[in-house]
Each structure stands twice: as C-alpha cells, then as structure tokens.
Amino acid sequence: ALKAFRAQYALQIHDYQTASTLAKELYSSYPLVQSKDELERMWYLSDKASEDILVLNTIRTTSTSTNSFADLIQASWDAASSQYLCGPYYVPEQHVVDLFSAEDYRTGIYISQLDDPEFPYTINVQGYTFQGIMIKKFMGDKTFQTSDTQLGYRIAPKMFRIADMYLIDAEAQWRLGGDAATPLNDLRQSRGLAALDAAANIETELKNERLREMVAEGTRLYDLKRWDDPLIRDIQSSLSPLFYGTWMNTIPADQASRPSQLATRYA
C-alpha cells in the first residue's frame, strides 16, 4: 500500500521514472482479473480480489455506517412494474457514457445498462420517468444486503488497486518516451478490449482508459490538473430535460485550478 501511494505521489509531482518503477514492482503480487465474472465479483460479491492492494476491513454488522454511495443510484424495488425506481443525485456525462462499449467488461458493472435483465430500472425524478445511464460501480457488496426492496450501497473501501498502477506506469512511460502501450494494453485486454494498434494516439487512449477505469473514484480533478486539461461538462442526452443553464459550460484548464475565479464566474 505504501509503495502504491508513493507511485501515485511520484506521478503527481512528475517524477515519472520513480512512478513507473514503483508501479511495476506491484504487478506480480496483484494480478489483474481476466473476465467479466471476476470483475463483477470484485465489486459486488466478495470485496476481495487479486487486484486489490488495500481494502479496508468492513463487516456486515458495522456496514450501516460505512462507505454509503446511495446518492449514485437511489434505488428501491417496485413490485408493480417489476423494476427498480431510481433517483440518482449524480449521473455520468455523455462523454463518459460514450467511452464504454458492449465488449468492455466494465459496461454494466461500472456504469448501468438499460437492457440489464438482472437490474431492470427507470430513473424517476419529480414524477417524470427517464431512460438513462447511472454510476453502478458502488451499488454494494451483496453480502451486506439487509432488505429485499432497498439496495445497500455498501462496499469495503478500495484504497489502492493494481489497475491504477498500470495506468500510472503507462502515463509515466508516455511522458518518458518509453513503452506506454504495454501496460495500457495489459489493462485493456483484462477488461475485454482489444490491444491498441500501432497508429493509436497513446495520449488520448491513456486518458480515456483512466477515465473508464477510475470513474467515480475521486481521481478526475487530479488527472485534469496534472494534464493541464479543461474540465469538460456535458449533458447525458437522454437526461437533458433534467438540466438547464450555462453552468454546464466547459471550464478552461487555466481556470479549473483557481477556485476564486470559478466562484466569481459561476456565482
């Protein structure tokens, strides 16, 4: 865990050689899962997987006060319609949804699928019904469920994962002019995606892969600031009636890290 933390820190301060070296040293001890079933078990069934470097201990008797993510789905079972009625406070933006494809194991695990027979749902907000995509990543360890009609949304906190180390290694190697494709492809193939071809734009692909893999885990703002990229905000098209106003505009990179300017601009 300390080595993983040091790798994260080294990347943030642009010490790319150290970041790559530390990340690589963890590969053999924490192998990537290689199937959709394993990935689903990792998030929903056991809270233990080969990829987990550090998972905080959580048991059912204490889980009611631990790591609740209800605001991402807010689902309750409706027997009359045989589906979950959801009222999420937060939804992924369209450019995030567009990154997930049918062959990606994370589709249906990290984000929801409209045609998922195991999780039929509609989004219901103030009496209006929508078909949209939600963050599903933290729906919860099924062993923590205490109700047949309310989802638990409780999962042992995953502090460090090996997938992050592959992404750190890839980004560090890209910055160093080294072999970024190998760690990037190792992660992609473990998630059901094909290896990148030789003509692929590595910068674009590693940024997209980091967003797919780490979605909703709290790393995005750090990534954008490290890359000096703008904060892009767009509306998931099927949920656009829920949004209004110019606050959805993109925030330029030179303003995204200056809260005082943001407070003035978007007051």
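Structure shown above.
Here the residue numbers are simple positions, counted from 1 along each chain's written sequence. Totals for whole chains, interfaces and linings use every residue, but because this is a predicted model, local features are given only for residues with pLDDT of at least 70 and side-chain atom pairs only at 80 or more, for both listing and counting. Only hydrogens and water are set aside when side-chain values are computed; all heavy atoms of the structure are taken into account.

Asks: Got a minute to help me understand the overall build of the chain in this structure?
Replies: Under the DSSP-based scheme used, a helix requires at least four consecutive residues in state H or I and a strand at least two consecutive residues in state E, with every element numbered from the N terminus. Looking only at helices and strands, the chain features ten helices and six strands. Each residue gets one of three labels from its accessible area relative to the maximum for its type: buried under 20%, exposed over 50%, partly exposed in between, using a 1.4 Å probe on protein chains only. By residue count, 43% of the 267 residues in the chain fall in the buried class. By definition in these notes, contact holds between two residues if any of their heavy atoms fall within 4.5 Å. Across the chain, every contact between residues at least 6 apart in sequence was considered, and the portion connecting residues at least 24 apart equals 64%. The accessible surface values rely on the Shrake-Rupley method and a 1.4 Å probe; as for residues, cover is taken only from the protein chains in view. Here the chain displays about 13400 Å² of accessible surface, and carbon together with sulfur accounts for 53% of that area.

Asks: Please clarify how the sheet that holds strand β3 (residues 83-86) should be interpreted in this entry.
Replies: What links the strands of a sheet is backbone hydrogen bonding, and the strands pair in either a parallel or an antiparallel sense. Strand order in the open sheet formed by four strands is β2-β3-β4-β5, with mixed pairing between adjacent strands. Each having just a single partner strand, β2 (75-78) and β5 (128-130) make up the two edges of the open sheet. In this sheet, adjacent strand axes meet at a mean angle of 35° when their direction is disregarded. Think of it this way: DSSP has to see at least two bridges between two strands before they count as a pair. Sheet analysis places β2 next to β3, joined by four bridges and oriented antiparallel. Looking at β3, one finds that Trp77 is bridged to Tyr84. Between the N-to-C directions of two axes lies an angle of 0 to 180 degrees, each axis being a line fitted to C-alpha atoms and, for a helix, fitted only over the stretch in contact.

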